[in-house]
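Structure at a glance
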Amino acid sequence: AEILALGGEGVMIRKASAPHRAGRTSDLLKVKRQQDDEALVTGHQPGKGKHSGMLGALQVVNRQGKRFKIGTGFTDAQRKSPPAKGSVITFKFMELTQDGIPRHPAFFRVRPDVDCAEFAGLA
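Reference entry: report on the structure contained in this document.

Calculation criteria
Residues numbered from 1 in each chain as written. Predicted model: local features only at pLDDT ≥ 70, side-chain atom pairs only at ≥ 80, totals over all residues. Heavy atoms only, no water. Core = buried A, V, L, I, M, F, W, Y, C linked by side-chain atoms within 4.5 Å. Buried < 20%, exposed > 50% of the residue type's maximum accessible area, 1.4 Å probe, protein only. Helix = DSSP H or I, 4+ residues; strand = E, 2+ residues; numbered from the N terminus. Salt bridge = Lys/Arg side-chain N within 4 Å of Asp/Glu carboxyl O. Pairing = 2+ DSSP bridges. Axes fitted to C-alpha atoms, helices over the stretch in contact; angles between N-to-C directions. Contact = heavy atoms within 4.5 Å. Phe/Tyr/Trp six-rings, centres within 6.5 Å; stacked < 30°, edge-to-face > 60°.

Nonpolar side chains tend toward joint burial in soluble globular proteins. Residues Ala39, Val41, Leu55, Leu58, Val60, Phe68, Ile70, Phe74, Ile89, Phe91, Phe93 and Phe107 constitute the largest nonpolar core, which totals 12 residues. Looking at this core, the elements with two or more residues in it are strand 3 (35-46), strand 4 (55-62), strand 5 (67-70) and strand 6 (88-93).

This is the structure we're talking about:
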């Protein structure tokens, strides 16, 4: 929490027995905080390239009324049968932009236990 309060995005963890080496190495692991939230699915964007004929991205709106797309985090099976319009999903993200849009949102799961009425007037 202190690192985040100082403007850092995470910490680097080094394998204790590893000597210091310049550049990228498998002895280092970057750990960054992820947040999550729910959003209402408002539409589907078709996939391109290897995702042609499947879901490319979900169009969603969160409880704050911010509209954005989520195009990662899906299995091929989920891309072939994506969450229905009107369903509520959980997504993970790193931080909010200055405009309040989640940065790097990734699909996590469908939330059948969350009532879409919580998003009334936003769809």
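So much for the structure itself; the text now carries on.
Turning our attention to the pattern of salt bridges. Evaluation of the coordinates by the stated rule reveals seven salt bridges. With a shortest N-O distance of 2.1 Å, Arg21 and Asp27 are connected by a salt bridge. When its relative accessible area of 44% is taken as the criterion, Arg21 is described as partly exposed. The class of Asp27 is buried, set by a relative accessible area of 13%. Among the salt bridges present, the one from Glu38 reaches Arg111, with a minimum N-O distance of 3.1 Å.

Bringing the sheet that holds strand 5 into the picture now. Each strand in a sheet pairs with another by means of backbone hydrogen bonds, the pair being arranged parallel or else antiparallel. Taking strand neighbours across the sheet as the criterion, the five strands line up as 5-4-3-6-9 in an open arrangement whose pairing is antiparallel. Edge positions in the sheet fall to strand 5 and strand 9 (106-110), since each has one partner strand and no second. Between one strand axis and the next, the sheet turns by 45 degrees as a mean value, whatever way the strands run. Where strand 6 lies against strand 9, four bridges are found, and the strand directions are antiparallel. Paired with Thr90 across the two strands is Arg109, which belongs to strand 9.

Taking every second residue as pointing to the same face, the buried face of strand 5 carries Phe68 and Ile70, while none of Arg67 and Lys69 on the other face is buried. Examined bridge by bridge, strand 4 and strand 5 share four bridges and lie antiparallel to one another. Paired with Val61 across the strands is Arg67, a residue of strand 5. Following strand 4, the chain reverses through four residues before pairing antiparallel with strand 5; Gly65 in that reversal takes a positive phi of roughly 85 degrees.

Here the focus is the side chain of Asp27. For Asp27, the position within the fold is in the loop between strand 1 (10-14) and strand 2 (28-32). If we ignore the near neighbours within four places in the chain, the residues touching Asp27 are Ile13, Arg14, Lys15, Ala18 and Arg21.

On to the packing of aromatic side chains. Counting across every chain of the model gives three aromatic pairs. Ring plane angle 20 degrees and centroid distance 4.7 Å describe the contact between Phe74 and Phe107, whose orientation is recorded as stacked. In this pair, Phe74 is assigned in the loop between strand 5 and helix 2 (76-80) and Phe107 in strand 9, connecting sequence segments 33 residues apart. You'll find Phe74 and Phe107 in the same group, each marked buried. Grouping aromatic residues by their ring pairs yields a cluster made of Phe68, Phe91 and Phe93.

Backbone geometry places His104, a non-glycine residue, at a positive phi of 55 degrees. Along the chain, His104 turns up in the loop between strand 8 (102-103) and strand 9.

Without other data, these values stay purely geometric and don't point to any function.
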